[in-house]
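Listed below, chain by chain, are the residues.
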Amino acid sequence: MPDTTDLQTVKPLKLIVVGNGMVGHKFIENVVNHPDHENYQVITFSEEPRLAYDRVQLSAYFSGKTADDLMLTSEDYYDQHGVKYIIKDKVSTIDRAAKTITTESGRVESYDKLILATGSFPFVPPIPGGDAEHCLVYRTIEDLERITASAKGSKVGVVIGGGLLGLECAKALHNLNLEAHVVEFAPRLMAVQLDEGGGALLRTKIEDLGVHVHTEKNTKEIVAGETCRYRMNFADGSHIETDMIVFSAGIRPQDELARQFDIAIGERGGITIDDNCLTSDKDIYAIGECALWDGKIFGLVAPGYTMAKAAVSHITGGSEQFTGADMSTKLKLMGVDVASIGDAHARTEGAQTYTYINDAEGIYKRLIVSADKSTLLGVVLVGDTDAYGTLLPMMLEKMQLPDAPEVLILPQVEGGASAFGVAALPDSALICSCHDVTKGDLIEAIHAGATELSELKSCTKAGTGCGGCSAMVGQVLNAELENMGMEVNNNLCEHFEYTRQELFDVIRTKKIKTFDELLEQYGSGHGCMTCKPAVGSMLATYWNEYVLSDDNIQLQDTNDIFLGNMQKDGTYSVVPRIAAGEISAQGLIDLGQIGVKYDLYTKITGGQRIDFFGAQLHELPLIWDELIQAGFETGHAYGKSLRTVKSCVGSTWCRYGMMDSVSMAINLEMRYKGLRSPHKFKLGVSGCTRECAEAQSKDFGVIATDKGWNLYVCGNGGMKPRHGDLFASDLDDATLIKYIDRILMFYCRTADRLQRTSVWMDNMEGGLDYLKSVVIDDKLGLCEDFETDMNRVIDTYECEWKKTLNNPERLKRFAHFINSDATDDRLAYEADRGQSKARIAQPSVRESKAKGEEIPALEV
Amino acid sequence: MSNINWETICNVSDINKNTGVCALHNGEQVAIFKVGKEEQLFALQNYDPFGEANVLSRGIIGDVDGQLVLASPLYKQQFSLESGKCLEDDSVILKTYMVRQQDGLVQLQA
């Protein structure tokens, strides 16, 4: 772009982004990730009190997610990239001649290019009485806070509007224990996306969940009620009474600024833009829901993202344009899968349709094809949306349909080849519409080395938005690896030509109890440091036999083999179990006395327990004997097994506690203690959504609400932090435990060796939804097995230290020398902060000591 | 052979199969390992030159491409049980010791 190059070398081009919603933020992200980002300076204004958050996931706020969880960016991120941000200040004036803007607080900024990303506002129909105190809208976090507050004093709630957002909102009201109603003007729910059959099935399913649906209702007025706060009178003479009303009757583009300052807008609103997202002013762009392209407003996030990309491309001299967007959607509404593709209403001339209805399972599928049956025009899916991923590209790419198109929606028969796999898709097929990732993009990343699902997702972002395409991403990966002739070698090691999962199945089905047996029948050689601990762990998960038995001892790695964590000088740490971090004062005294007696360095761990360091091999049994006498048991800090269940104090003391988090944490810790798993795992239980136990960073996080427990899964702190995914809400104790039992056993069976639950989840084809189908719907028919396996482990639990102490033969190993009572002479420590073994001395100091030399460092 | 003196360390049965023990031998720490059904014995220095600690007797035994190895419990370098050679670093060779089974006893060459 020769015309601006000179300017940019002089000083950066100043871009002002009005509105910091999802699309405004996407624009900024695209600028800062652009190779020439140094040529641009970005300032963004937001009238909301916080930076961009994920409005698509807004309803998650009701199920326990906090505003922080929903954030898409942070002040740190903007600071790091030199983006200036001003929140709680609305841009109120544009001076197009001077190229400046002024805010409500009087701030004036000049711009080179102005980007309007002002989004939309909820449409509130002009109904008399619609401005009453408890008549609300559903758009921002603040709106949700108002809804929650209003619900507290309400028994009945009505949502006006039976579209996607309206139904989400009705679900939220239902969850807030209100009698929830949906009032819709059209004859069916989700009238834009669904046809009559689909809408009817959705209605049945939603009514089954306890939400009342009223269609073809035109609200005439809202007046004072008799049994509730308000009465809504409908045009047909009927009425309902309600304490609160939420309007969710569509959106209107926020085009106020354009309107006031003479930028062209459409007849029915919306800032008119061209393919470059330019408005009628050559220095002003509009993107997202405020923009009108070809007479259309796009109320979805994906087209907004594409506009953001096009605008950045135009500013930076690229060639990407916005050329319209597909409005197909797939979502889960109140637990009901719903999808709509293309011409769902069969409005194309001559369109032919195929319908599949399964009343027993509540499934409705309709295929709309061209008159000659050669191409797909539209699809409606309710109850089962698995086909969405393959059908959408078929419609978009106008792919040739099979001779009998109905096979695309008929249930797959066992053994029948799937008619259309991902292999048939062209490279241009869009796989992830949230992040605009095509099949070609995925293939490029796979060729560049992202050969694991988790890597592929993190480098392309595919599957990390709504997650709906996660299974497709996995299928593309597998198909491409096969294409490349790459044999994916997941063999455990050179000794076993099986994956960990296959070996686990062998152990289970062939009832194999020892490593030697397994090696003889299914492996070769002597084994190694990879397969031995892995097999040791699997045997322990399934059979739960003593890890130091004659057969098992050879399999144990550094820590398990002496039931302690080896430190860098060869001494061990000792960690007794302090379930949920609850310990009596007497318990602390007992621990203190043992620590003093054996002169151990003492520290509180991150998992709410106490760690002793500096115990020599021969001291381990002595220390453990005293610990067990004092009522403690092993904490399994050395094992790939449950570490701790962290808890906050909960409702027994805390003013905010909703439930007794300590008791639940103790229950869980006592239940899963000792279970050997592919890697260590941690739990956390918080007594309320303030989340003091940081449960969402644990493999299993449990958070109390006023209606039960919310379960989060596959979180992680550590090297690559990951917030847990909300797996299920408002559970009672028994269901919570049942779900954790099942997930844990599924993880133990199917994870790779040393794979934490977070990576296991990221690698799972189908992701969270798949895990739910296995654990909640028992899709694989394995849940009973999982529970049996878990119960066997729980029933056979023994404290490994207690068992070891009772066996003199076993204790012989706990000596530095087999032929002498001497101890290792290469140990030396430095005192500090009141502890004599504050740290291990330098190797040179330890060496001097071993040689019998004076060690001045120690005398200081 | 008869000139060689052997020092008895322990019973063969004192060593669990496929694990090691540490012996104090002429003032040195020696790690002794018992491998496989044949109960083959190997002896290496107990000192781990990478981790700088006396811990090798507590490592895990295995084979790599048919060669019997010991993995250090600290940082997992592998050493040939036969030669003491480090697989990850050619320049490091552990001291090896002559070890044998005699009448159910483990003996190191004196």
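Residues numbered from 1 in each chain as written. Chains lettered and ligands numbered in written order. Predicted model: local features only at pLDDT ≥ 70, side-chain atom pairs only at ≥ 80, totals over all residues. Heavy atoms only, no water.

S.K.: Run through the interface of chain B and chain A, naming residues and quoting values.
M.R.: Across the boundary between the two partners, chain B contributes 36 residues, which contact 41 residues of chain A. Note on chain B versus chain A: buried area summed over both sides is about 3000 Å², and carbon and sulfur give 52% of it. Ranking the residues of chain B by area buried against chain A places Arg58, Ile60 and Asp63 of chain B at the top, with a combined share of 23%. For the interface between chain B and chain A, the tally reads five salt bridges. For lysine 76 of chain B, the salt bridge is made with aspartate 557 of chain A, and the minimal N-O distance between the two is 2.7 Å. Connecting chain B to chain A are 22 residue pairs in polar contact (both at pLDDT 80 or more). Contributing elements (two or more residues each) for the side of chain B that touches chain A: β1 (6-11), β2 (19-25), β3 (28-35), β6 (53-54), β7 (60-64) and β8 (67-71) of chain B. Taken together, the residues of the side of chain B that touches chain A sort by class into 18 nonpolar, nine polar and nine charged. (Contact = heavy atoms within 4.5 Å. Buried area = accessible area lost by both parts, 1.4 Å probe. Salt bridge = Lys/Arg side-chain N within 4 Å of Asp/Glu carboxyl O. Polar contact = N/O pair within 3.5 Å; in protein donor to acceptor, adjacent residues only side chain to side chain. Helix = DSSP H or I, 4+ residues; strand = E, 2+ residues; numbered from the N terminus. Nonpolar A, V, L, I, M, F, W, Y, C, P; charged D, E, K, R; others polar.)

S.K.: I'd like a rundown of the packing of aromatic side chains, residues and numbers included.
M.R.: Residue and element names in this part refer to chain A. All chains considered together, the criterion is met by 19 aromatic pairs over all chains. Arranged with centres 6.3 Å apart and planes meeting at 85 degrees, the rings of phenylalanine 504 and tyrosine 542 form a pair that is edge-to-face. Here phenylalanine 504 is found in helix α14 (residues 500-509), whereas its partner tyrosine 542 is found in helix α16 (residues 531-543), with 38 residues between them in sequence. Residue classification places phenylalanine 504 among the buried residues on the basis of a relative accessible area of 1%. Clustering of aromatic rings is evident, with ring pairs tying together Phe562, Tyr572, Trp624, Trp801 and Phe814. (Phe/Tyr/Trp six-rings, centres within 6.5 Å; stacked < 30°, edge-to-face > 60°. Buried < 20%, exposed > 50% of the residue type's maximum accessible area, 1.4 Å probe, protein only.)

S.K.: Explain the sheet that holds strand β4 (residues 40-45) of chain B to me, and be specific about the residues and the numbers.
M.R.: Residues and elements named next belong to chain B. Spatial strand order, β2-β3-β4: three strands in an open sheet with antiparallel pairing. In the strand order of this sheet, the two ends are held by β2 and β4, each with one partner. Pairwise comparison of adjacent strand axes, ignoring direction, gives a mean angle of 30 degrees for this sheet. Pairing geometry for β3 and β4, over six bridges, is antiparallel. Within β4, the position partnered with valine 30 by the bridge is glutamine 45. (Pairing = 2+ DSSP bridges. Axes fitted to C-alpha atoms, helices over the stretch in contact; angles between N-to-C directions.)

Any functional reading would require information that these geometric values do not contain.
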